[in-house]
Every structure is written in structure tokens, then in C-alpha cells.
Amino acid sequence: MILRLAALLALLATAVHAHDRSTSFSTWVLGADGADVTVRLTTLEASRLPWPVGDAAKLGDYLAAHLLLLADETPCVPDAPPRALAASAGRLALEWHVRCDGGAPTRLRSTAFLDVAPSHVHFARVRWPDGRSAERLLSDGERGWSLVDPEPPSFLGAVALGVEHIATGVDHLAFVLALLLLGGTLGETVRLVTGFTIAHSVTLALATLGWVRPEQAPVEALIGLSVALVAAENVWLAGGARSLALPLGVAGLLLALAALGGGTVPPLALAGLALFAACHMIRLGRAAHPLSLRWTAAFAFGLLHGFGFAAVLVDAALPPAALARVLLGFNLGVELGQVALVLLVVPLLARAGSWRPALVDAGSAAVAGLGVFWFVSRAYGGG
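The rules behind each value
- Residues numbered from 1 in each chain as written.
- Predicted model: local features only at pLDDT ≥ 70, side-chain atom pairs only at ≥ 80, totals over all residues.
- Heavy atoms only, no water.
- Axes fitted to C-alpha atoms, helices over the stretch in contact; angles between N-to-C directions.
- Helix = DSSP H or I, 4+ residues; strand = E, 2+ residues; numbered from the N terminus.
- Parallel < 35°, antiparallel > 145°, perpendicular 65-115°, else oblique.
- Left-handed = near helix turned anticlockwise from the far one by under 90°.
- Contact = heavy atoms within 4.5 Å.
- Nonpolar A, V, L, I, M, F, W, Y, C, P; charged D, E, K, R; others polar.
- 1 Å grid on protein atoms, 1.4 Å probe; cavity = no way out; pocket = protein on both sides within 12 Å on 5 of 7 lines; lining within 4 Å.
- Points joined across faces, edges and corners; volume = space filled by probe spheres on them.
- Buried < 20%, exposed > 50% of the residue type's maximum accessible area, 1.4 Å probe, protein only.
- Phe/Tyr/Trp six-rings, centres within 6.5 Å; stacked < 30°, edge-to-face > 60°.
- Pairing = 2+ DSSP bridges.

A.B. asks: Help me understand the packing of helix α5 (residues 170-181) against helix α12 (residues 356-380), please; the structure alone is not making it clear to me.
C.D. replies: The description of two packed helices rests on the angle between their axes and on the distance between the axes. For the pair α5 and α12, interaxial distance at closest approach is 10 Å and the crossing angle is 150 degrees. The angle between the axes of α5 and α12 places the two elements in the roughly antiparallel class. Crossing geometry of α5 relative to α12 is assigned as left-handed. Residues Val170, Asp171, Ala174, Leu177, Ala178, Leu180 and Leu181 of α5 touch α12, and the partners they reach there are Arg356, Leu359, Val360, Gly363, Ser364, Val367, Trp374 and Arg378. Each residue belonging to the contact of α5 with α12 can be placed in one class, and the counts come to 10 nonpolar, two polar and three charged.

A.B. asks: Help me understand empty space enclosed by the protein in this model?
C.D. replies: Rolling a probe over the atoms, with the probe sized like a water molecule, indicates the empty space that remains. As enumerated under the stated definition, the model contains two cavities of 30 Å³ or more in all. Taken as a whole, the second largest cavity spans an internal volume of roughly 30 Å³. Around the second largest cavity, the lining residues are Thr23, Ser24, Phe25, Val121, His122, Phe123, Leu137, Leu161 and Val312. Of all the elements in the fold, those that place two or more residues in the lining of the second largest cavity are β1 (23-30) and β9 (121-127). Of the residues contributing to the lining of the second largest cavity, the split by class is six nonpolar, three polar and no charged.

A.B. asks: Quick question: what am I supposed to make of unusual backbone geometry here?
C.D. replies: Glycine aside, a negative phi is what most residues show, and trans is what most peptide bonds show. Residue Glu73 is not a glycine yet carries a positive backbone phi of 70 degrees. By secondary structure assignment, the location of Glu73 is in the loop between β3 (67-71) and β4 (74-75). Positive phi, close to 70 degrees, is recorded for Phe113, a residue that is not glycine. If you trace the backbone, Phe113 turns up in the loop between β8 (107-110) and β9. Looking at Phe113, the relative accessible area reads 0%, which means it is buried.

A.B. asks: Please clarify how the packing of aromatic side chains should be interpreted in this entry.
C.D. replies: Pairs of aromatic rings are described using the distance from one ring centre to the other and the angle between the two planes. This model, assessed by the stated rule, comprises seven aromatic pairs. When the ring of Phe276 is compared with that of Phe301, the centres are 5.8 Å apart and the planes differ by 80 degrees; the resulting orientation is edge-to-face. Taken together, the residues span a long stretch of sequence, with Phe276 in helix α9 (residues 267-286) and Phe301 in helix α10 (residues 295-316) at a distance of 25 residues. Judged by relative accessible area, which is 5%, Phe301 ranks as buried. Pairing Phe375 with Tyr380 gives two aromatic rings, centres 5.9 Å apart and planes at 85 degrees, and the pair type is edge-to-face. An aromatic cluster is defined as three or more aromatic residues linked by ring pairs; in this entry it consists of Phe175, Phe196, Phe276 and Phe301.

A.B. asks: Before we go on, may I ask you to explain the pairing of β1 in this structure?
C.D. replies: For β1, the buried fraction is high: seven of the eight residues fall into the buried class. Bridge analysis of β1 against β9 gives seven bridges, and the strand direction is parallel. Opposite Val29, over in β9, you have Arg127 as the bridge partner. With six bridges joining them, β1 and strand β2 (residues 34-42) adopt antiparallel strand pairing. Bridging from a neighbouring strand, Trp28 pairs with Val37 of β2.

This is the structure:
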């Protein structure tokens, strides 16, 4: 049983080197002679390839070779090399035009990033000259999409995307694991998971509907920091320590770096997070039953994680007609993946017995290390 929990932690650590999630997006506007193609992806995604992220020429050649529009199995060819477009921080966008000499386009095929990330999911959207549009998720299991009478994006497809997103979202899994390690009563565990679920569902909807659009680079960095903070909270509570000197010192250093223009996270965001963490830990230190109050941190940090979940749907630029169905299915998929982790970890922790304190310390230290790595690499590493 202990070996199973150790294997889970080892899996999280190993997955760090494979990055967190693997997705890309394309839009194909069909015309009389071919299509205009726009591809969007993160710089993190581009860093999987064996050349510098800033090499737009090599990236464009790679995408044009792995994202194909076919006319009766004849590939449509680019008129000119793909060119880079302006994009927000942490993101890349390229466009090109393909010419179809074999007739009207009948099929779309994607093998993008499957050679470096077999679990990669590509979200393709096609618009026809008559105004119709359709979307499809392409993966290693379904690389092609027939453009003859295409079906609208399915609810089950969105559920599958949500499950895939949480399953490959190692930072989100590490956060939930950190919440569960310290344990508590069944009611306290339910409040933890419910608080996290409600919070990330709210911000997932707000971002996907376009009502709130935070910059993704600082969000991803702060998600890493939230993982480290919850893991540190475990050690703080389990060890009976009540000093805030170290966390406040670290917060002061990060604020100084941000004030000097270092990193992607604005100083005000760091200051707000530091203030919340300090007040939360003081409140825990004064409480007779501190575990009953941990759901407030799960809720607060869940708001951040919801913005992280939303990135895949925001970049997909879904039409209003499909948005509600896909949003509901995606959120359900995320919850199913999260529940699976809870059902795996909680029974194992309940059987830990005398190993429990050592497991909390070792597991929390490992998760905290991952969180610090994610924060530093995302805030200061350019990826």
C-alpha cells in the first residue's frame, strides 16, 4: 500500500519532465481553391520540439507537415511558408494558405506533436464558404476527420477532453493530492474537494464565456505556487510549527523580484496571495480544529486552477451554439478525473497506519518541490 502511494508520487515527479498538458488548436477557413489556416499553441508546447521556441520558420514547417488538409487523399500544399502572428505572452500563432489541386477538401488529418507527446490533443475548427462551422478533437486514436457531413462537437467528446486534461494536468493532480495527504474526517475531506470543485467550476465558466480573461502565463505560475503553499501548509500543521518567518521571508523576496520587473507574475498578485496565505495560516494556528478550515484555501486556490482549466476551451474559440454543451461536458470530465484520484488516494491513506506521519512529511515535501519548480520555471524561465 505504501509502495502504491510512493509510485503515485514518483509518477507525478516523472511527468514533470513531460510538461503538464499537450494541446494545440487550428482554424481552417475553406475557400474556392483551398483554405486559410491559423494555428495557436503555447510556448510550453513548442518547447517539446528539438529547436528553439523562437524559431518560427522550423515550427511553421513542422506544423504544415503535420496538419494536413486533403482532397480525395491528395494533400493540399502551402502557397508560402507559414508566418508568425502577434500573440499574447506565453502563446504562439501562425497562419498560412493551402491550395487544393485535387478538388474540394474532404478530410483533415493531424499528427502534430504525437511524435513527442503521444497523448497530444489537437482541437480543429473548420468554416465552410456557406457559413457552416464544425469542430473536432483529434488525437492518436483519431487522427483524421471527414469533412463530408461533419457532426457537431459531441458532449462525450468534451467529457473525454476534460478527463484527458485533468489526467495530464500534473499540477492540478499534485494540488488535489496535497489537499488529501493530511487527511481528516470524511466531512473535512468532502468540504476540501467540494470547495475546490465549486471554485474552479466558477472561474472555468467565467473565462470560457469571455467574462474574465486573465493572462495565462501568471495564472500558470501561480498555480505552481499554490501547489507548494498547500504542501507547506501540510508540514506546518503536522509539525505543530507556528512561525511565519520563513514563508514571509520567501514572499518578501518574490515581491522584490517582481517589483524589479522579474518574472511574469505582477507584484500586486503576489502581494495578494502572500496576504491571503499569511492570514489563512494565522487563522489555522488559532483554531481548535484547523483541519476543518482548510477548505477555504482549497476554494481560494481553486479559483486559480479554474482559469488554468479554461485555457483549452478559451483557445478553442467555440461558437455560442456549441459552448454550453462543450463547457458542461468538459467540466464533468474534469470532475470524473478528480473523483478517480480521490477514490484512489483516500482509501490508501486510511490504511497507512503508523506510516501516516512519515508519508505526510515525505509526500508534502515532494509535492512542495514540484510546486516550487513549476512556479520558478513558469514565472522566470520563459516557458
